[in-house]
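Geometric and topological summary
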Amino acid sequence: MARRDNDIWWRMAWRNLWRNRRRTAITASALSFGFVAAVLMIALMDGMLEQLVSNGTRVITGQVQIHADDYRPERSMHDTMGGREGLDLAALVGAAGSVTGVTGVAPRAYGGGLISSGDETAGAVLMGIDPRREEGVGRFGASFVVGGMPGPGEIAIGNAMAGTIGAAPGEEVVVVAPAADGSMGNELFTVSGVFRLGMGGFDDAYVLVDLGSLQDLMAMDRSRIHEVAISVDRTDQADLVAARVEEAVEGLADGLVVEPWSVFHEQLYFMTSMMGAANGIIAMIIFGMAIFGVANTMLLATFERRREFAVARSLGTSGRSIVRIVVCEGLFLGLVSLGAGALLAAPVVVYFHEFPLDLSSFIGTYSFMGSAMQPLLTVEYSWDGPLVSAVALVGTGVASALYPAWRAIRVPPADALASR
Amino acid sequence: MSNEHAVRTERLWKIYPQDPRPVEAVRGIDLTVSRGEFVAMAGPSGSGKTTMLNLVGGLTRPTRGKVWIESEEISALSDRRLANLRMHRIGFVFQSYNLLPVLSALENAEFTLLLQGVPARERRERVRELFREIGLEGLEDRRPPKLSGGQQQRVAVARAVLGEPALVLADEPTANLDSHTAEALLDVMERLNRTKGTTFVFSTHDPRVMERARRLIRLVDGRIESDHEASG
Ligand SMILES: Nc1ncnc2c1ncn2[C@@H]1O[C@H](COP(=O)(O)OP(=O)(O)OP(=O)(O)O)[C@@H](O)[C@H]1O
Ligand SMILES: [Mg+2]
């Protein structure tokens, strides 16, 4: 049997689409706007998620961390990386720093203790840091109200803590802390500066101490640290970078775990995942509503053409071919709308990317799960949103045509021919 | 002429379930049309002409009775087989032309050939040849709305006969045409009947058309009232 010329069905579908130009234009416009709305909404949401993650990780934690495998969640001071012996710190920092995508590497040790100034005493988390390296990961360095990062024998405290114990830069404080060998370490430190991160739980509890000084205070070798915090150039690539870092530091010590923020910052990850899912649901609602609207229009169109379908069928056209005509029309409608929508969406997305919506005159800054939110609606460039929206749009066109197509072949040809 | 029939019906009934009481559109018609016949069905409005043609063409299923197209009994066929049968063996001409408005004259005419899977080149050749014969040359690329009624109906006839069906069913093919155009169309159908041996069964109200039929069947209230060989 000779090859069937299938392009006739495409041709008929395409021409059918343009028979009622105004109706097609209106339907396509609605779909295009739906597409633009979905793309923009996803882009804004991505921007918001990016801001959330970025704020949640750029202040202190970084996007990737290395620990000893038993360090989290108890955070015992004994669980240093590489066990009691520790490891070659320079080699570790060097290896992690040379991984593509890594922008900063900061080694840290933690302890707990009491800080006293005069009669006032407060409990504190002691964070031992390398001031220069810390600048590449966290935001402490940029948050000083007075003074700066601590050098050897120095300590930096948050403004809330400074208020509690009444200490100012240049003054001395006493730090008492349990040490790794079971003794109590105590030492005088000079306040190098007061920082203000603007986030509850940090400014009144965290203090920064020079890494070497903290190790001395806690009777730990210089090779022993609890954490390496790593910053990456793209937060959405953290998983990938974590895997690369894991490879790079393998063999430097036993039992090292490298985790991206989605693992060690579970709450934030949960939150962003929820928002992402909500995003998807809203997009589904947009296109779900569109399906009914478009299906209604197509139903009208196929009803108007029922005589033609009946004629085609009485000439021997199969029901399948009729379905193909109607579904192709829906497909073309989706593609035309996509073309128009893409032309519309591109400048809108570029505009909002270049000029983020600043809502600060309406809403103040808000601290949220360790993430300081700016009232700024930013748009991130990404292919995912437009791609998903495009598939949804074309899918909408096709899905809208299914019921009308089914209806088109339901009517017996003779009845359709008889009706006027 | 062969004795073998093109169409045969046996006690054919069509009852439309209708309020307040069912309509008996066709009431037990026995009809045999031989190959190559040129038959007109006449009768008052509502006498069952259209219903009869739809039954014979497999567009409507009979309430009772049987229909044969050549040797095939069609009332038992599936929709798919019926569509196939129409595509290969039956051509339809409708009262209101019923061309597909999105297709050009040529595309409309070649539609059946396309369904039959005839290659494009052969299709075009056959359409052009027939268009020359029936005075449609040069109108190949026009869409139906830009054709006169007579031209549209000739395209419809071309569409019906190009697939070389054994049988062409035409429901009042001249009803919307002026008498001159109607005569011209009948000329075309007659010529195809003579040269290709295609069987034609058409319904009509038009006395001038009845005159040209070689057999005239009169329907009244879903029954055959008379059935004459005419002069032709
Ligand atoms: N689909 C249908 N449903 C119900 N009744 C129908 C249907 N089609 C036809 N009828 C009825 O069946 C009878 C025969 O109709 P049909 O159309 O076959 O007559 P006709 O001879 O073709 O008339 P006309 O010359 O007006 O075209 C009429 O009474 C008509 O009302
Ligand atoms: Mg009729």
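Residues numbered from 1 in each chain as written. Chains lettered and ligands numbered in written order. Predicted model: local features only at pLDDT ≥ 70, side-chain atom pairs only at ≥ 80, totals over all residues. Heavy atoms only, no water.

Topic: the sheet that holds strand β5 (residues 72–73) of chain B
Residues and elements named next belong to chain B. Filter applied, for reference: Any two strands with at least two DSSP bridges between them are considered paired. Only DSSP runs of H or I reaching four residues or more are called helices, and only runs of E reaching two or more are called strands; each is numbered from the N terminus.
What the 4 strands build is an open sheet, ordered β2-β1-β4-β5; its pairing is antiparallel. Strand pairing shows two members of the sheet lacking a second neighbour, β2 (23–34) and β5, which therefore form its edges. Of the strand pairs in this sheet, strand β1 (residues 5–16) and β2 are connected by 9 bridges, and their pairing is antiparallel. Among the inter-strand pairings, K14 is bridged to a residue of β2, identified as V26.

Overview of the domain arrangement of chain A
A common way to express how large an interface is: the accessible area buried when the components associate. Our working definition: An automatic or database domain assignment supplies the residue ranges for each domain.
For chain A, the domain assignment lists domain 1 (2–56 + 269–417) and domain 2 (62–261). Here the C-alpha centre of domain 2 of chain A lies 50 Å away from the C-alpha centre of domain 1 of chain A.

Overview of the packing of helix α10 (residues 306–314) of chain A against helix α11 (residues 319–354) of chain A
Residue and element names in this part refer to chain A. Applicable threshold: Only the stretch in contact is used when a helix axis is fitted, and all axes are lines through C-alpha atoms; the angle between N-to-C directions ranges over 0 to 180 degrees. A clockwise turn of the near helix away from the far one marks a right-handed crossing, whereas an anticlockwise turn of less than a right angle marks a left-handed crossing. Working rule for contacts: check all heavy atoms of both residues, and any pair within 4.5 Å makes them a contact. Note on residue categories: nonpolar means Ala, Val, Leu, Ile, Met, Phe, Trp, Tyr, Cys or Pro, charged means Asp, Glu, Lys or Arg, and polar means any other residue, Gly included.
The geometry of α10 relative to α11 is characterised by a closest axis approach of 10 Å and an angle of 145° between their N-to-C directions. Between α10 and α11 the crossing geometry is right-handed. Along its contact with α10, which presents F309, A312 and R313, the element α11 presents G319, I322, I325 and V326. For the contact of α10 with α11, the residue count by class is 5 nonpolar, 1 polar and 1 charged.

Some words on a nonpolar patch on the surface
Residues and elements named next belong to chain A. Applicable threshold: Patches here are clusters of residues that have more than 30% relative accessible area and form no salt bridge, with a 9 Å joining cutoff for like charges and a 5 Å cutoff for nonpolar side chains (Val, Leu, Ile, Met, Phe, Trp, Tyr). Residue exposure ignores everything except the shown protein chains as possible cover, and the areas themselves are Shrake-Rupley values with a 1.4 Å probe. The rule for a salt bridge is simple: a side-chain nitrogen of Lys or Arg has to be within 4 Å of a carboxyl oxygen of Asp or Glu. Buried residues are those whose accessible area, probed at 1.4 Å on protein chains only, stays under 20% of the maximum for their type, while exposed residues exceed 50% and partly exposed ones sit between those limits.
Among the surface-exposed residues, I281, I285 and M289 lie close enough to one another that they form a single nonpolar patch of about 320 Å² accessible area. Mapped onto the elements, M289 comes out in helix α9 (residues 266–304). Here M289 falls in the exposed class, since its relative accessible area comes to 58%.

As for the confidence of the model for chain B
The cut-off we apply is this: Confidence of the prediction at every residue is given by pLDDT, a number between 0 and 100.
Residues at a pLDDT of 70 or more form 98% of chain B, whose mean pLDDT is 91. With pTM at 0.77, the complex prediction returns an ipTM value of 0.88.

A look at the interface of chain B and chain A
Going by this rule: Put simply, buried area is how much 1.4 Å-probe accessible surface two parts lose in total, over both of them, once they are put together.
In this assembly, 27 residues from chain B lie in contact with 24 residues from chain A. Across the interface of chain B and chain A, roughly 2,400 Å² is buried in total on both sides, 61% from carbon and sulfur atoms. For the chain B face of the interface with chain A, the top three residues by lost area are V102(B), L114(B) and L115(B), together amounting to 22%. Counting across the chain B and chain A interface gives 2 salt bridges. The dominant element in the side of chain B that touches chain A, judged by the number of residues it contributes, is helix α4 (residues 111–116) of chain B, at 5 residues.

Points about the packing of α9(A) against α11(A)
All names here are of chain A. Note the following rule: For this classification, under 35 degrees means roughly parallel, over 145 means roughly antiparallel, 65 to 115 means roughly perpendicular, and everything else is oblique.
In contact at an axis separation of 12 Å, α9 and α11 are set at 135° when each is read in the N-to-C sense. Here α9 lies oblique to α11, going by the angle between them. Note that α9 runs across α11; the crossing there is right-handed. Together, V294, M298 and T302 of α9 and V326, E329, G330 and L333 of α11 make up the contact between the two elements.

Focus on the site of ligand 1
All names here are of chain B. Worth spelling out the cut-off: Residues are classed as near a molecule or strand on a simple rule: at least one heavy atom within 4 Å of it. The definition of a polar contact used here is a pair of N or O atoms within 3.5 Å, where within protein one atom must be able to donate a hydrogen and the other to accept one, and adjacent residues in sequence count solely through side-chain atom pairs.
Residues in close proximity to ligand 1 total 14 residues, the closest being S45, G46, K49, T50 and T51. Between an oxygen atom of ligand 1 and a main-chain N or O atom of G48, the distance comes to 3.0 Å. For ligand 1, whose unbound accessible area comes to 630 Å², protein coverage reaches 68%. Here the shell around ligand 1 gets 3 residues from one element, more than from any other, and that element is helix α1 (residues 49–56). Taken together, the residues of the shell around ligand 1 sort by class into 4 nonpolar, 8 polar and 2 charged.

Considering the environment of G201(A)
On the secondary structure map, G201(A) appears in the loop between β7 (184–195) and β8 (206–210). Taking the C-alpha atoms as reference points, G201(A) and G330(A), 129 residues apart in sequence, are found 56 Å from one another.

Notes on helix α7 (residues 179–196) of chain B
Residue and element names in this part refer to chain B. To be explicit about the condition: Expected span of a helix, by definition, is 1.5 Å for each gap between consecutive residues, and there is one gap fewer than residues.
With 18 residues, α7 ought to run about 26 Å at 1.5 Å a step, and its terminal C-alpha atoms sit 25 Å apart, in line with that. T181, A182, L185, L186, V188, M189, E190, L192 and N193 are the residues of α7 that are buried. Summarising the contacts, the buried residues of α7 are in contact with β3 (38–42), α5 (120–133), α6 (149–162), β8 (199–204) and α8 (207–212). One side-chain oxygen at the N-terminal end of α7 lies 3.1 Å from the backbone nitrogen of H180; it belongs to D178. One or two positions beyond α7, positive phi appears at G197, with a value near 70°.

Considerations on unusual backbone geometry
Put simply, R72(A) and P73(A) share a cis peptide bond, and its omega is 0°. Looking at the secondary structure, you find P73(A) in the loop between β1 (64–68) and α3 (89–97). The backbone phi angle of E70(B) is positive, close to 50°, even though this residue is not glycine. Phi at D221(B) is positive, roughly 50°, even though this residue is not glycine. By the element assignment, D221(B) lies in the loop between β9 (215–220) and β10 (223–229).

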